[in-house]
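# Topology and contacts: notes
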Amino acid sequence: MTEAAKAQKAACDAELADAIPAMERAQEAVNCLDITKIQELKALGSPPEQAKQVSFAVMILKDGVMKNHNWANAQKMMKDPKKFIDEIVAFDGDNIEDKRLDGLKPLLSQDWFNFEVMKGKSVAAAYLCSWIVNIVTYNTIFKKVKPLKDAADEAQATADTKGEELKVVIEKVRLINEQVDALKEKLAEAEANKKRVEDEAQQLQD
């Protein structure tokens, strides 16, 4: 049981490790964002359509806004660039609602929805695009592996508990055996004394 749990946990840890590069790329994209870049994007009166779509994707992912996707609302979201960046930095990539992921699928499936294409449209939109792609990739792996890892951890904990219980039982058996051995020694000593007394009595009788 213990070895099986350890093997399952190791496999889950290895698969979760595959998610780490995606999270690191998402973090790198966030680190490349600065107030100036966001201000430049927000200030555009008529940004490229694809840059708009990226901002709408941020609205879906970050705030769960599933409708009213227009540039005015996107600008409102970025009204305070520092606060906007701080919220992205603090975003919980482990727990993303399925409805948000479903809302992003049409955009993520577009061949232009990547950093290389978007950097020709807007640097800020390109980094936001990279953040979205990589945080969703991370979340997909995390959600798949975490239940398996939790099950493996639970199995390992159960095995450890059983192992500790077995140690207690073994210790009790050891103490009982010691007591039995001590009684056997006393019995052997008593039998030896009895035989000695019987032998002496026989000698006296003779």
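Heads up: the structure comes first, above all this text.
Our subject in this report is the structure included herewith. Bear in mind that the values here come from a model prediction, so they are computed numbers and not experimental data.

How two aromatic rings sit relative to each other is given by the distance of their centres and the angle of their planes. Applying the stated criterion across every chain yields a total of four aromatic pairs. Ring geometry for Phe 91 against Trp 131: centres 5.5 Å apart, planes inclined by 80°, an arrangement best described as edge-to-face. Linking Phe 91 in the loop between helix H6 (81-89) and helix H7 (98-108) with Trp 131 in helix H9 (residues 123-205), this pair joins segments that are 40 residues apart in sequence. A relative accessible area of 17% means that Phe 91 is categorised as buried. Note on Trp 131: relative accessible area 2%, which makes it buried. When the centroid spacing of 5.7 Å and the interplanar angle of 20° are considered together, the rings of Tyr 138 and Phe 142 count as stacked.

Another point: the environment of Ile 135. Assignment of secondary structure puts Ile 135 in helix H9. Here the alpha-carbon distance between Ile 135 and Gln 27, two residues 108 residues apart in the chain, equals 8.6 Å.

The end-to-end C-alpha distance of helix H2 (residues 19-32), which contains 14 residues, comes to 20 Å, matching closely the 20 Å that a straight helix rising 1.5 Å per residue would cover. Inspection of H2 places Ala 19, Ala 22, Ala 26, Ala 29 and Val 30 among the buried residues, and these make up the whole buried set. Burial along H2 is one-sided: seen end-on, the buried residues are contained in an arc of 100°. Exposed side chains of H2 directed beyond 90 degrees from the buried face belong to Glu 24, Glu 28 and Asn 31.

Turning to the packing of helix H4 (residues 49-63) against H7, a few remarks are in order. Across the interface, H4 lies against H7 with an axial gap of 9 Å and an inter-helix angle of 165°. Classed by the angle they form, the pair H4 and H7 counts as roughly antiparallel. Classified by chirality, the crossing of H7 by H4 is left-handed. Judged by residue contacts, Gln 53, Ala 57, Ile 60, Leu 61, Lys 62 and Asp 63 of H4 engage Arg 100, Gly 103, Leu 104 and Leu 107 from H7. By residue class, the composition of the contact of H4 with H7 is five nonpolar, two polar and three charged.

Let us now look at the environment of Gln 27. For Gln 27, the location among the structural elements is in helix H2. Using a relative accessible area of 34% as the deciding quantity, one classes Gln 27 as partly exposed. C-alpha of Gln 27 to C-alpha of Asn 134: the two residues are 107 residues apart in sequence and 8.8 Å apart in space.

Criteria and thresholds
- Residues numbered from 1 in each chain as written.
- Predicted model: local features only at pLDDT ≥ 70, side-chain atom pairs only at ≥ 80, totals over all residues.
- Heavy atoms only, no water.
- Phe/Tyr/Trp six-rings, centres within 6.5 Å; stacked < 30°, edge-to-face > 60°.
- Helix = DSSP H or I, 4+ residues; strand = E, 2+ residues; numbered from the N terminus.
- Buried < 20%, exposed > 50% of the residue type's maximum accessible area, 1.4 Å probe, protein only.
- Expected span 1.5 Å × (residues − 1).
- Arc of directions from axis to C-beta.
- Axes fitted to C-alpha atoms, helices over the stretch in contact; angles between N-to-C directions.
- Parallel < 35°, antiparallel > 145°, perpendicular 65-115°, else oblique.
- Left-handed = near helix turned anticlockwise from the far one by under 90°.
- Contact = heavy atoms within 4.5 Å.
- Nonpolar A, V, L, I, M, F, W, Y, C, P; charged D, E, K, R; others polar.

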